[in-house]
Amino acid sequence: AIPVRSSRLPLLSDAMPAPAHLFPLIRNCEISRICSTVCYCHHKHLCCLSSHFAHSHFRYATQKKFAALYRPKENFNRFIHTRDYASTPQRFYLTPPQVNSILKANEYSFKVPEFDGKNVSSVLGFDSNQLPANAPIEDRRSAATCLQTRGMLLGVFDGHAGCACAQAVSERLFYYIAVSLLPHETLLEIENAVESGRALLPILQWHKHPNDYFSKEASKLYFNSLRTYWQELIDLNSGETTDVKEALINAFKRLDNDISLEAQVGDPNSFLNYLVLRVAFSGATACVAHVDGVDLHIANTGDSRAMLGVQEEDGSWSAVNLSYDHNAQNEREVERVKTEHPKSEEKSLVKQDRLLGLLMPFRAFGDVKFKWSIELQKRVVESGPDQLNDNEYTKFIPPNYHTPPYLTAEPEVIYHRLRPQDKFLVLATDGLWETMHRQDVARIVGEYLTGVHHQQPIAVGGYKVTLGQMHGLLTERRARISSVFEDQNAATHLIRHAVGNNEFGTVDHERLSKMLSLPEELARMYRDDITIIVVQFNSHVIGACQNEEL
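Residues numbered from 1 in each chain as written. Predicted model: local features only at pLDDT ≥ 70, side-chain atom pairs only at ≥ 80, totals over all residues. Heavy atoms only, no water.

An unreviewed UniProt entry annotates the chain as [Pyruvate dehydrogenase [acetyl-transferring]]-phosphatase 1, mitochondrial originating from Nipponia nippon. Entered under Catalytic activity (unreviewed entry) in the UniProt record, the comment concerning the chain runs "O-phospho-L-seryl-[pyruvate dehydrogenase E1 alpha subunit] + H2O = L-seryl-[pyruvate dehydrogenase E1 alpha subunit] + phosphate". (UniProt positions renumbered as here; feature names shortened; annotations may be inferred.)

Structural data, given as structure tokens:
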């Protein structure tokens with residue numbers, strides 16, 4: 001298996017859900033009499049899909065007519081509107097300990113160890129957390145220290161049409177990046193060790209929550225593909241120092257190519273054969289950070305985001321974007337797609353803000369339905385297992401599908417040189433950014449990490465507020481400052497705000513309780529999976545590096 005140094009044992013993969021029949025569309029996305037409220041679905045992904053392949057992330061519309069049924073996104077603060085009925089069901093609210101139990105179930109923290117009482121790393125540590133909306137959750141996260149080169153890797157992965165692709169990418173991508181960064185001599189040493197049957201040099205030290213498992217069944221397959229990659233790197237040795245940006249791009253593209261190739265070749269083991277097909281036919285976006293001293297690289301594919309938290313001279317907080325969404329809202333991305341296909345397809349490439357009228361992200365791993373030729377898709381599906389051949393989604397061919405591939409996994413890489421005022425980095429899937437503005441994220445995390453809360457006037461946004469309501473808001477703010485909700489994890493604190501904030505920008509326990517009380521089959525209608533990593537930087541080390549170069 002791939003060499004790993006970790007104190008935690010990987011857990012077994014979750015059971016593979018069998019493909020299911022299409023479920024009926026919920027008209028107008030309206031559900032009533034839940035916790036004595038009427039909730040209106042705001043989410044941009046809603047559509048009618050197979051419960052296995054597409055109900056989970058709502059990024060696809062499998063038929064052209066379904067695309068028009070997507071509701072536009074509304075303000076998150078309008079999720080829940082109280083309404084009285086002649087016969088009102090009994091209210092049920094989670095208690096604060098129950099809310100905390102849910103919010104903290106997946107939290108993880110890592111502090112970079114000190115040497116001789118000092119932290120010589122530019123990273124102090126990180127906090128991460130996940131809050132599911134899909135069942136099972138389709139987001140994944142990864143964090144690891146590179147052992148044969150310098151630096152730390154952190155990433156969030158947002159799956160769609162199932163969790164298989166996000167799971168595979170979260171397990172494999174960091175190895176491809178680490179191998180891409182290795183010098184030629186180390187690659188030769190690893191290959192010679194494999195040839196002679198000796199123990200391999202550990203490449204990564206993983207920092208994992210117990211729920212973040214590795215697939216034991218696929219480890220040999222994944223290792224063989226990775227080995228083929230480093231053998232090719234050995235053969236292509238140019239003798240030049242590896243460029244981080246180039247290494248990131250090559251790793252992303254090569255892993256996606258291996259995912260595609262493994263699905264085409266298949267596997268004699270029926271379980272693995274179905275697994276590689278599930279990985280290839282589902283999809284995942286990825287946002288990865290590589291931190292080495294003051295050098296920060298962000299490699300992004302899709303619509304997860306990276307944001308830098310900067311503390312200004314007056315102590316206030318500002319946000320700096322370190323990634324760009326690859327979707328219809330990015331004009332440069334739309335132009336890129338159009339230039340890669342004939343002008344005759346210009347009108348059909350992007351419809352209703354989706355690639356071919358179906359897919360929201362314009363870059364992603366997997367999603368071979370947007371990459372393979374029609375002939376190849378039919379051959380693989382027809383020769384594949386019955387579960388694949390009987391599934392409506394895998395047999396569906398996108399409309400106006402003439403000149404594939406329409407989708408790429410190639411990342412956009414942004415470099416930033418860290419400064420002492422750069423205090424933290426937030427990596428998060430779009431479940432966070434759909435509910436919170438980046439400036440609010442920077443302020444909330446900054447105040448949490450420093451314990452300093454700047455008292456801005458309470459904004460009521462045009463609402464009519466009574467003196468009693470204003471007194472309640474001020475009292476709540478005072479309580480929030482003193483307790484910080486007892487969160488010991490910055491990512492947990494951010495999720496609490498993302499789900500529980502009211503129209504005045506404060507956490508409303510009643511709202512938070514209602515959102516967390518929704519049953520699994522309804523939760524996805526009001527929000528997406530949320531995965532967050534908050535990386536805290538060491539300003540002293542960064543400042544010292546800056547001074548040495550002056």
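The structure having been displayed, the exposition proceeds.
### Notes on unusual backbone geometry
Across the junction of Ala135 and Pro136, the peptide omega takes the value 5 degrees, indicating a cis bond. Relative to the assigned elements, Pro136 resides in the loop between strand S5 (123–131) and strand S6 (139–146). Pro404 connects to Pro405 through a cis peptide bond whose omega is 5 degrees. On the secondary structure map, Pro405 appears in the loop between helix H12 (392–395) and strand S16 (412–417). Phi is positive for Ala161, which is not a glycine, with a value near 60 degrees. Within the secondary structure, Ala161 is located in the loop between strand S7 (152–160) and helix H3 (164–181). (Helix = DSSP H or I, 4+ residues; strand = E, 2+ residues; numbered from the N terminus.)

### Here we look at helix H7 (residues 270–281)
Given a rise of 1.5 Å per residue, twelve residues ought to cover 16 Å, and the 17 Å separating the end C-alpha atoms of H7 matches this to within 8%. Judged by how many residues are buried, H7 sits mostly within the fold: ten of twelve residues are covered. Listing the buried residues of H7 in full gives Leu272, Asn273, Tyr274, Leu275, Val276, Leu277, Arg278, Val279, Ala280 and Phe281. A distance of 2.8 Å separates the backbone nitrogen of Phe271 from a side-chain oxygen at the start of H7, and that oxygen is part of Asn269. (Expected span 1.5 Å × (residues − 1). Buried < 20%, exposed > 50% of the residue type's maximum accessible area, 1.4 Å probe, protein only. Polar contact = N/O pair within 3.5 Å; in protein donor to acceptor, adjacent residues only side chain to side chain.)

### Describing the nonpolar core
The biggest cluster of nonpolar side chains holds 62 residues, and the ones touching the most others in it are Leu173, Phe174, Ile177, Leu204, Trp230 and Phe365. The element that contributes the greatest number of residues to this core is H3, accounting for 13 residues. Among residues more than four places away in sequence, those in contact with Leu173 are Phe157, Ala251, Phe252, Leu255, Val288 and Phe365. Leu131, Met436, Val507 and Leu512 belong to the second largest nonpolar core, which has 36 residues in total. (Core = buried A, V, L, I, M, F, W, Y, C linked by side-chain atoms within 4.5 Å. Contact = heavy atoms within 4.5 Å.)

### Section: the pattern of salt bridges
Enumeration according to the criterion identifies 22 salt bridges in this entry. Between Arg254 and Glu232 there is a salt bridge, and its shortest N-O distance comes to 2.6 Å. On the criterion of sequence distance, the pair formed by Arg254 in helix H6 (residues 244–265) and Glu232 in helix H5 (residues 219–235) is long-range, its members being 22 residues apart. For Glu232, a relative accessible area of 33% puts it in the partly exposed group. A salt bridge links Glu412 to Arg332, with the nearest nitrogen and oxygen atoms 3.5 Å apart. With a gap of 80 residues between them, Glu412 in strand S16 and Arg332 in helix H8 (residues 331–339) connect regions that are remote in the sequence. Exposure remark for Arg332: the relative accessible area of 54% places this residue in the exposed category. Connected through shared salt-bridge partners, Glu333, Arg336, Glu340 and Arg363 make up one network. (Salt bridge = Lys/Arg side-chain N within 4 Å of Asp/Glu carboxyl O.)

### Quick look at the environment of Gly366
Tracing the backbone shows Gly366 in strand S15 (residues 365–366). Accessibility expressed as a relative area gives 1% for Gly366, which makes it buried. Remark: the alpha-carbon pair of Gly366 and Gly159, spanning 207 residues in sequence, is separated by 9.8 Å. Beyond its immediate sequence surroundings of up to four residues, Gly366 is in contact with Cys165, Asp256, Val279, Ala280, Ser282 and Lys371.

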